[in-house]
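The chain contents come next:
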Amino acid sequence: MFVDEIRAVVGSDHVFDGAGTSHVVDWTGRFVGVTDTVVRPGSIHELIEVLRVVRAHGRSVVPQGGNTGLVGGGVPLRGEVVLSTSRLNKVGVPDTASRRIEVEAGATVESVQIAATSVGLRYPVDFGARASATIGGTIATNAGGVNVLRYGPTRAQVLGLEAVLADGSIVSTMAGLLKDNTGYDLRGLMCGSEGTLGVVTRAVLRLVPAHASVTTVLVGCASVADAMSVVGRVCHASDTIDAAELMSRRGVSLTSRVTGEAVPFEAEWYVLIESSTSQDQEAVLARLLAGCSLVAVAGSPSRRRALWRLRDEHTSSIATLGTPLKYDVTVPLESLPRFVAAVGEAVTAVARSAETIVFGHAADGNLHVNVLGASAEQAVDEAVLTCVAAHRGSISAEHGVGTAKREWLHLTRSADEIAAMRAIKRALDPDGVLNPNVLLPPL
Ligand code: FAD
Ligand code: MLT
Ligand code: ZN
């Protein structure tokens, strides 16, 4: 019997029925799946053996890390086996000379950040789910976060990785050589593949210097256009800007109420800017923000943490109002203010009583459009995502496509591109063993 064979591979403690566990429902609560089998391999060899048994029984798996994904890509929506990387969580000793660290896929982002900080370095991918999101999940979704502006998304940190393909074969670039042009970029292919082409088991990650001087500033603006001109001015004048995050009055006041964190001043829109370098940047930022009447500089690490909490806790604070329809999109910077106005109107046109809260990574053009109180999901999907396409944007900036947006992929990818992706999927996973129900549109 299937589960007996799986139990023989990983042991009874590491295979169980998923019913009633957190493994079958995504972080937002919107995507609820079912499975008779959650399995936690303790090594790459056990993982390969599990995949052999899965193939022999004609089943498929959903690889699962921290289950913080926001597009329904990491839960068993069609009875797939949940392949959890939670036991593959070792974090190596950072190599300070070459500024890199070797980790297992199930290690959390935060555990890698802590290891880097312990030697005066920094792992630059950061976002609110750092304590649960895993390195494997962030590679699979090419996660972005608040520091993409300066350091790039997860893909830019991956010097090498090891992954198991559907047939149990292994691709590995764990030497993590800075220059290694030997054929197709299999490492790059795994980044953003959402568990559909391979199960990432290990990675070599880049670390960056942890600068001594960090300046964090909250700026109040009258409009999105004002906010984006502040972002443009600061980001073009300084190469020490790590983050520039946009928030609305509604998002900040809601998060302040939920977290109890005080807001330094009232404004229609807010930009949270962080700069890090070796010398103090307060004077530089003060000059760049000279025309802004509402500016609060964090005078201490605790004040900095308090300002960041107003941003980090947006997602969980919005979730206190109900399960939102979440749209993680990118639009060209120059059309961002027009898009914010247009998307609010587009939602109201199809869901009159719905509320739309917009926030995100302003400097990347990456906005998170959260729609609350709308029942007509399909209509709101279409309204928001066609509005993105009309502004020449991308329907998925950093969360991946998952199951949430696979039917809308054509709004950003051409028919030829989708056909090429299907050809790659057919070549590497002809039997649909790995996460067959996400990313690519259903045939
Ligand atoms: P899971 O949710 O477990 O899985 C995500 C996807 O990756 C699934 O398709 C899964 O099958 C696949 N997968 C997981 N592990 C592996 C593996 N080892 N090999 C192959 N495939 C695998 N994301 C951002 O990009 N930027 C943000 O700013 C951000 N902020 C967030 C804030 C909050 C509060 C929350 C809850 C989420 C946020 N996210 C953000 C979304 C989420 O944290 C990321 O998508 C993250 O990469 C998911 O990691 P995970 O380990 O939880 O993956
Ligand atoms: C964020 O930037 O906070 C995340 O991407 C989460 C979200 O979109 O809610
Ligand atoms: Zn984000």
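The rules we used
- Residues numbered from 1 in each chain as written.
- Chains lettered and ligands numbered in written order.
- Predicted model: local features only at pLDDT ≥ 70, side-chain atom pairs only at ≥ 80, totals over all residues.
- Heavy atoms only, no water.
- Near = heavy atom within 4 Å.
- Polar contact = N/O pair within 3.5 Å; in protein donor to acceptor, adjacent residues only side chain to side chain.
- Areas by Shrake-Rupley, 256 points an atom, 1.4 Å probe, with all protein chains shown as cover.
- Helix = DSSP H or I, 4+ residues; strand = E, 2+ residues; numbered from the N terminus.
- Domains from an automatic or database assignment.
- Contact = heavy atoms within 4.5 Å.
- Buried area = accessible area lost by both parts, 1.4 Å probe.
- Donors = N, O, S within 2.8 Å, 3.2 Å for Na, K, Ca; no water.
- Tetrahedral: all angles 85-135°; square planar, octahedral: opposite > 155°, others 65-115°.
- Buried < 20%, exposed > 50% of the residue type's maximum accessible area, 1.4 Å probe, protein only.
- Pairing = 2+ DSSP bridges.
- Axes fitted to C-alpha atoms, helices over the stretch in contact; angles between N-to-C directions.
- Salt bridge = Lys/Arg side-chain N within 4 Å of Asp/Glu carboxyl O.
- Expected span 1.5 Å × (residues − 1).
- Arc of directions from axis to C-beta.

Q: Quick rundown of the site of ligand 1? Include the residues and the values.
A: Neighbouring ligand 1 are 35 residues; P63, G65, T68, G69 and T134 lie closest to it. Within the contact set of ligand 1, an oxygen atom lies 2.6 Å away from a backbone nitrogen or oxygen of P63. Here G66 contributes a backbone N or O atom positioned 2.8 Å from an oxygen atom of ligand 1. Considered on its own, ligand 1 offers 970 Å² of accessible surface; in the complex 96% of this is hidden by protein. Those elements that provide at least two residues to the shell around ligand 1 are β3 (61-64), α4 (135-140) and β9 (199-206).

Q: Account for the domain arrangement of the chain, with residues named and values stated.
A: Frequently, the measure chosen for interface size is the accessible area removed from exposure when the parts meet. According to the domain assignment, the chain consists of domain 1 (2-84), domain 2 (100-209), domain 3 (213-315) and domain 4 (322-415). In this structure, domain 2 and domain 4 have C-alpha centres spaced 27 Å apart. With nine residues of domain 2 at the contact, the number on the domain 4 side is eight residues. A combined buried area of about 540 Å² lies between domain 2 and domain 4, and 46% of that area is made up of carbon and sulfur atoms.

Q: Can you explain the coordination of the zinc ion (ligand 3)? Please cite residues and give values.
A: The protein atoms that coordinate the zinc ion (ligand 3) are H361 (NE2), H368 (NE2) and E398 (OE), at distances spanning 1.9 to 2.1 Å. Viewed at the metal, the six donor atoms of the zinc ion (ligand 3) are separated by angles of 75 to 171°, and the geometry they form is octahedral. Here the donor residues for the zinc ion (ligand 3) map to a single chain with the spacing H-x6-H-x29-E. With a gap of 30 residues between them, H368 in strand β17 (residues 366-372) and E398 in the loop between α13 (377-390) and α14 (415-428) connect regions that are remote in the sequence. Judged by its relative accessible area of 6%, H368 falls in the buried class. Under the relative-accessibility criterion, E398 is labelled buried at 10%.

Q: So what about the sheet that holds β9? Which residues, and what values?
A: Strand pairing in a sheet relies on backbone hydrogen bonds, with the paired strands running either antiparallel or parallel. The strand order across the open sheet built from four strands is β5-β9-β7-β8, with neighbouring strands paired in antiparallel fashion. Among the strands making up the open sheet, the edge pair consists of β5 (100-104) and β8 (170-172). Averaged over all pairs of adjacent strands, the angle between strand axes in this sheet comes to 10°, irrespective of strand direction. Pairing of strand β7 (residues 158-164) with β9, which is carried by six bridges, proceeds in the antiparallel orientation. Bridge pairing in β9 links A163 to V200. Its contacts with the sheet place helix α2 (residues 44-56) against β7, β8 and β9, and it is angled at close to 45° to β7.

Q: Describe the pattern of salt bridges, naming the residues involved and giving the relevant values.
A: Under the criterion given, the structure shown has 21 salt bridges. A salt bridge links R52 to E49; the nearest nitrogen and oxygen atoms lie 2.9 Å apart. In this pair, R52 and E49 both sit in helix α2, three residues apart, roughly one turn of the helix. Judged by relative accessible area, R52 falls into the partly exposed class, the value being 39%. When its relative accessible area of 30% is taken as the criterion, E49 is described as partly exposed. Linking E245 and R311 is a salt bridge whose minimum nitrogen-to-oxygen distance equals 2.7 Å. Taken as a pair, E245 in strand β12 (residues 241-248) and R311 in helix α10 (residues 301-312) lie far apart in primary sequence, 66 residues in all. The exposure classification of E245 matches that of R311, with both residues buried. Residues participating in the shared-partner salt-bridge network are E102, E162 and R202.

Q: A description of helix α7 (residues 224-237) should follow, citing residues and the corresponding values.
A: Compared with an ideal rise of 1.5 Å per residue, which puts 14 residues at 20 Å, α7 spans 20 Å between its outermost C-alpha atoms and is within 8% of the ideal. Among the residues of α7, V224, A227, M228, V230, V231, V234 and C235 are the ones counted as buried. Viewed along the axis of α7, the buried residues span an arc of 155°, placing them on a single side of the element. With respect to the buried face of α7, the exposed residues turned more than 90 degrees away are H236 and A237. Buried residues belonging to α7 abut α5 (148-151), β11 (213-221), β12, β13 (269-277), α9 (282-288) and α12 (336-350).

Q: Would you mind going over the site of ligand 2 in detail, with residue names and values included?
A: The immediate surroundings of ligand 2 are formed by L70, R311, T315, K326, F359, H361, H368, E398 and H399. R311 places a side-chain nitrogen or oxygen 2.6 Å from an oxygen atom of ligand 2. At 2.9 Å from an oxygen atom of ligand 2 is found a side-chain nitrogen or oxygen belonging to H368. For ligand 2, whose accessible area on its own is 270 Å², the fraction buried by protein is 89%.

Q: For α14, give the residues involved together with the corresponding values.
A: Taking 1.5 Å per residue, 14 residues should reach 20 Å; α14 reaches 20 Å between its end C-alpha atoms and fits that length. Within the span of α14, buried status applies to I418, R422 and K425. In an axial view of α14, the angular spread of the buried residues amounts to 60°, which keeps them on one side of the axis. Exposed residues pointing more than 90 degrees away from the buried face of α14 are listed as D416 and A427.

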